[in-house]
Structure formats: structure tokens, C-alpha cells
Amino acid sequence: MKKVMTGHKAVAEAMRQIEPDVVAVYPITPQSEIAEYYAQYVADGLVRTELVPVESEHSAMSACVGAAAAGARVITATASQGLALMVEILYIAASMRLPIVMALANRALSGPINIHCDHSDAYLARDSGAVQIFAESAQEAYDYMVMAQRIAEHKDVRLPVIVNLDGFTLTHSSQVVETLPDERVKEFVGEYEPLYPLLDVDNPSTWGPFAMPDYYFELKRAQQAGMEAVPEVFLSVQEEYSRLSGRPYKGFFEAYKLDDAERVIVVMGSTAGTAKVVVDELRARGERVGLLKVWLWRPFPRAEVAEALSGAKAVAIMDRALSFGNMGALYLDITSAFAGREGPTFVNYIYGLGGRDVPAEHIAQVFEGLEDAVTGELRYLGLRE
Amino acid sequence: MVEIRWHGRGGQGAKTVSQILAQINLREGKHVQAFPEYGPERSGAPVRAYNRISEEEILVHSGVYHPDIVVVIDETLLDSENPTEGLKPDGVLIVNSSRSEAEIREATGFRGKIVVLDATKIAREAGTGFPNVPMLGAVVAVLGTDPAIAEEELKETLSHRLPPEVVEKNIRAFRAGYEAAKGVYVGG
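Report follows, based on the coordinates. Nothing here was measured: the structure is a model prediction, and the numbers come from that model.

Right, let's get into the side chain of Asp-118 of chain A. With respect to the helices, strands and loops of the structure, Asp-118 of chain A is situated in the loop between β5 (101-106) and α5 (120-124). Of the side chains with opposite charge, Arg-320 of chain A comes closest to the buried, unpaired Asp-118 of chain A, at an N-O distance of 6.3 Å.

What follows is the structure, given as C-alpha cells:
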């Protein structure tokens, strides 16, 4: 059914349909309306979820860990500073292989205090061990929230999954979203089967153990195996979901008019939509331009991205967060995949920090700027200098 | 694609009607976006809201810089907000005012199409007090949207939060706004 709704509402709808056992949230500023909507669903008796309102985001993630270890299906939502406070426990959730799904309304980290969109919060959690997916639209945020459940809970993965959606641009903007019938979503996510739940008192298990130098390393390597299992699971969940929804999700990224493209932009999130409009305009004038929109950021599909870009002459990799003292993280992800072999020219654009708008004209400038790009250059888009 | 910018003051419901306009156009089979501009939220402070309406899927996710329609719910914003900024020369300016079209033209210097309606008076007479709904009626007229579809959607949306007699008053306010603007169309 097609409705006009904000990205927040789209995520909350997906959560209502999934109906997790536990949702633990804290309404920090800036939080999101996701928690508000969900609290309303609980109050109205639409879901049987145990809503745990806690005293901080640190506690929210802690409650998620406890509930997930006990054997519950758990979802939470946060943004910006809230994620920053959660990160300590997010590492623990990942190390305990707990399939907690989180919607992250991407907003700048303080300071200065800002609350508007950028990806610095997601970048902060880059090495946490959580799987990270970026949505272009409210529709994709809805779809990936449903898919995330299956990816997180797959027995070979068992990791937290973050679904990123751009703050304000997607979260507060009303768009057309087609939701699935409740029962279809319920069938798709299925009954949750926890592994070694703490509440199974007949089969006691140890969670969150101490691990000294003799075992810590091996445990971390095992955690990496969970990440390594993600790509295959991601593709099969996409395939199944595409059949269910009729919306084509195929691959770790969307290749938009990429086949014969000489100049390419790589970007994550809502800016990809604006970039598609620019690609279409330039294509209409005969320019061979294309777009690679990253869906799956962690684990990063290095080989596939490198393959998709290998035919291009020049590539602009756009990071919506600074990695102080170095190139942007996405830039390094991609260029490192080309280490030791010939590849296109790569230039890094830092853009849209703290909600700086990204109009089509700026994207057109990026394509134009690729004419004289030099690998290793760091440029700032839409910055007053 | 038609792009719309709403100017109002916090509490006047610019965001609400931009949202309802999106729903109306979805009901008509269009692709839509509605989004507010967020700043410090204070009652009475100038606020902006935006719409995009298109036959094609809307992919762009940036702000609106060159609107086809500008709607001014609060006339005092004509002086402080420069609402005609970026408005396309062949666009439409819709202003809530008791002044004449000529006076608004002089005050704004805008040379394109201007629709003036006294939405405050319409709202008062309808018994609702909120000028945003007659202004929504005016925008629906300027877009050439089927008013019956618009009324259906408005009625359905308002019925979720208002009692039937208040919904009815709003429908009257909407109709009066629609009638006041009928005959001027965007792009045509």
C-alpha cells in the first residue's frame, strides 16, 4: 500500500510489522520520532513488544544486549550523540554476536552542536563490528529494516545491523512509501530462534566472558568470520525480499548507468538520488557519467566495487564525514582495493557536513571537476573558503 | 515537476498543509515530497515548508531553490522573508492578504501571476480561524487538481484528529480558498 510518510514513520512501520520482543530506547536530543511512534504503537496495543524506556543511550544499548542474550528479538533506534553514547556497548553487542537491529538517523556529531545530517555518527561506529547499510530513500529504509532482521539473525552472521538513513533529508521528509501487508513481513522475518538463550536454564551458557591474551585474539577472529559471512547472506536475503516486494534489490551497491561510464561518483545515502538526476541530465547531453551507490558499507564489498569501477577513467568518492588527518573512510575503502594495480583516477570529496545542502548543481560540479582530477586529491564540496 | 515553497509562522500549520497537499497529490496518482525547513522551532518565528509534485518518480533530495509556486500564509513575511526569491518568472505567487493584487504586486515587485485571497477572513467566517486550509484550497486550484479528490483526502486526514463539525468547517474554508484562486494555473 502506497502512503505518504516520513523516513521515521517508514522505519517505525517496519518495526511494527516485525514486532520485536523488546525495544529499548532513550529519547536523547537529538533522538528520532521512531521511538515516539513505537511507544504509541505499544500504548495502543498494536504490538506486544516490551518497550524499555531507559535513562541514557548507553543503557538503551545495554538493555538491548541483555534482552538479546536472554533470547529476545531486539530493535532500537538512535542518532548522532545517542549513537556516540551507545558505541561502547555496541562493540560488546557485536563481540557477543547479538543480532540487534538499529535504525540510525544520520546526524552530525557535536561539536559544535548541530543536529543536522551527515554521516559522522555512522563513521564513528565503523569498526564496532556492526553491519552497516545505507538507504537512499524512506522506501529503502523501510525495505532494509525488514531485510536487516534476516541478515542479523542468520546463524552464520549473528551480528548487530545498522540501517542508516539521512537525518532530516529522509527522516523528516514525507515521501511515497509502499509498505507490505503485515502478515507478509511477519512471514518473511519468521519466528526468531535464539542461539543459546540465557533464559534456557536447562542448558546454561556463558555470555560476556573474560578473555586474556590466550583467547581474545581467537574470539576476535571468530567475530570477523561473522562479517565474512554477511555478503552471501545479504544477497540471498535481497533476492528473497525482491521477490516478495517486487522491488529489485540486487547487489552490494546500485550501479546506475555505470556500464560505459568514464566519470563516476560513488556516494552513500540520499545524495545518490540527487546524483541520479544529474547523471540523467548529463547523459542526455551525451556525457558518459555514472553512479555507484553503496548499500552495504560494512563489510565493504571491496572486490565487487573495484570490479565495477575498473572501466572508469575518473572516480569521485564522496564522504559525508571527515576522517581528521586522512582521506575520507570510503575513499580509503575503495582506493585500497586498487593497491598494486592500475585503476582510474580517484579524487575524494568531503560534502554535506552538518546538514549543508547538496543541490544538483554541486553534483554537476563534481562531474565537471573529474576532468582535471589527480589521484589523492581531497576536495570540499559546497564549502565557503 | 512542480516545486512549491510555503512561508508561514510557527503554529500556522504550513508544515501540516504541505503534508496534506502531498497526500492529495498521491491520491491523484502523482509522486510527491513534503518537507519543512528546520531551524530553531518557536511559535511565531518564520518557517518554510516545501513540496515537490511530479508525474515521474522524485529522486532529488535537496532543498528547493527555484519554486514554481510560493505561498505566503502570513502577509507580514512579505517584508522580512523576501518570499519571491528564486520564484520562477512564470510561477505563481499566492498571498493571504486583504490588499489588492496591484498592491501585492507593488509590494513584492513580482511580475508573474499573483493570486490574492483573504484567507484569514475566510477562516474566520468558516469558524476555523486557521488560514492554512483556505491557502491549501488556493494551491489545489492553481495546480489544477481535482477538488473532489482533494476534499476527500482532506476530510479523511482531518477526521483522524478533529470532530465532524470542525472537519465540515474546514472543508468550507478549503472550498472558499479554492474558489478564490480558481482560474489561475501554474505553467498554463
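The next subject is the layout of surface pockets. To find leftover empty space, one rolls a probe the size of a water molecule over the atoms. Taken as a whole, the largest pocket holds about 970 Å³ of empty space. Looking at the largest pocket, it is lined by 29 residues, and the ones nearest its centre are Val-4, Met-5 and Lys-9 of chain A together with Gln-19 and Gln-23 of chain B. Every element with two or more residues in the lining of the largest pocket is listed here: β1 (2-6), α1 (7-18) and α2 (33-43) of chain A together with α1 (14-27), β2 (31-36) and α6 (147-159) of chain B. The element that contributes the greatest number of residues to the lining of the largest pocket is α1 of chain B, accounting for seven residues.

All right, on to the pairing of strand β6 (residues 131-134) of chain A then. All names here are of chain A. Here β6 shows two buried faces, one formed by Val-131 and Ile-133 and the other by Gln-132 and Phe-134. As defined by bridge partners, β6 adjoins strand β7 (residues 161-166) across four bridges and the pair is classed as parallel. Bridge pairing in β7 links Val-131 to Val-161. Regarding the hand of the β-α-β motif, the stretch spanning β6, helix α6 (residues 138-153) and β7 is right-handed. One ladder, built from two bridges, connects β6 with strand β12 (residues 296-298); its direction is antiparallel.

Bringing the interface of chain A and chain B into the picture now. The interface is formed by 22 residues belonging to chain A together with 16 residues belonging to chain B. Considering only the surface of chain A that becomes buried against chain B, Val-4, Ser-174 and Asp-357 of chain A emerge as the three largest contributors, covering 30% of it. At the junction of chain A with chain B, the criterion picks out zero salt bridges. Summed over the shared surface of chain A and chain B, the number is seven residue pairs in polar contact (both at pLDDT 80 or more). Contributions of two or more residues to the side of chain A that touches chain B are made by β1, β8 (174-178) and α9 (271-284) of chain A. If one sorts the elements of the side of chain A that touches chain B by residue count, α9 of chain A sits on top with four residues. For the side of chain A that touches chain B, a count of residues per class yields seven nonpolar, 10 polar and five charged. Strand direction decides the pairing type here: β8 of chain A and β2 of chain B, joined by two bridges, are antiparallel. From the neighbouring strand, Gln-175 of chain A faces β2 of chain B, where its bridge partner is Gln-33 of chain B.

Okay, the sheet that holds strand β4 (residues 69-72) of chain B next. Strand order in the open sheet formed by eight strands is β1(A)-β8(A)-β2(B)-β3(B)-β1(B)-β4(B)-β5(B)-β6(B), and the pairing between neighbours is mixed. In the strand order of this sheet, the two ends are held by β1 of chain A together with β6 (113-117) of chain B, each with one partner. When the angles between neighbouring strand axes are averaged without regard to direction, this sheet yields 20°. Relative to strand β3 (residues 46-54) of chain B, β2 of chain B runs antiparallel, the two being bridged by six bridges. Along β3 of chain B, the bridge assignment pairs Pro-36 of chain B with Ala-49 of chain B.

What counts and how
Throughout this document, residue positions are counted from 1 along each chain, in the order its sequence is written. Key to labels: chains lettered from A, ligands numbered from 1, both in the order written. Given that this is a predicted model, residues contribute local features only at a pLDDT of at least 70 and side-chain atom pairs are listed and counted only at 80 or more, while totals for whole chains, interfaces and linings are drawn from all residues. Side-chain figures throughout are based on the complete set of non-hydrogen atoms in the structure, without hydrogens or water. The numbering of helices and of strands both runs from the N terminus, where a helix is a DSSP run of H or I of at least 4 residues and a strand a run of E of at least 2. Buried residues are those whose accessible area, probed at 1.4 Å on protein chains only, stays under 20% of the maximum for their type, while exposed residues exceed 50% and partly exposed ones sit between those limits. Positive charges come from Lys and Arg alone, negative charges from Asp and Glu alone, with His and the N- and C-terminal ends not counted. We define a salt bridge as a side-chain nitrogen of Lys or Arg found within 4 Å of a carboxyl oxygen belonging to Asp or Glu. Definitions used for this entry: grid spacing 1 Å over protein atoms alone; cavity, a set of points where a 1.4 Å probe fits but cannot get out; pocket, an open set with protein on both sides within 12 Å along at least 5 of 7 lines; lining residue, one with an atom within 4 Å of a point. Grid points are joined across faces, edges and corners, and a volume is the space filled by probe spheres set on the points. Two strands qualify as a pair provided that DSSP identifies no fewer than 2 bridges between them. Viewed with both strands pointing away, a crossover whose connecting path from the first strand over the helix to the second turns clockwise is right-handed. Note on definitions: a residue-residue contact is assigned when non-hydrogen atoms from the two residues lie within 4.5 Å. The buried area of a pairing is the accessible area, by a 1.4 Å probe, that goes missing from both parts when the two are put together, added over both. Between N or O atoms, a polar contact is any pair within 3.5 Å; within protein, one atom must be a potential hydrogen donor and the other a potential acceptor, and residues adjacent in sequence are included only when both atoms are from side chains. Amino acids are sorted into nonpolar (Ala, Val, Leu, Ile, Met, Phe, Trp, Tyr, Cys and Pro), charged (Asp, Glu, Lys and Arg) and polar (every other residue, Gly among them). Note on method: axes are straight lines fitted to C-alpha atoms, helices fitted across the in-contact stretch only, with angles between N-to-C directions ranging 0 to 180 degrees.

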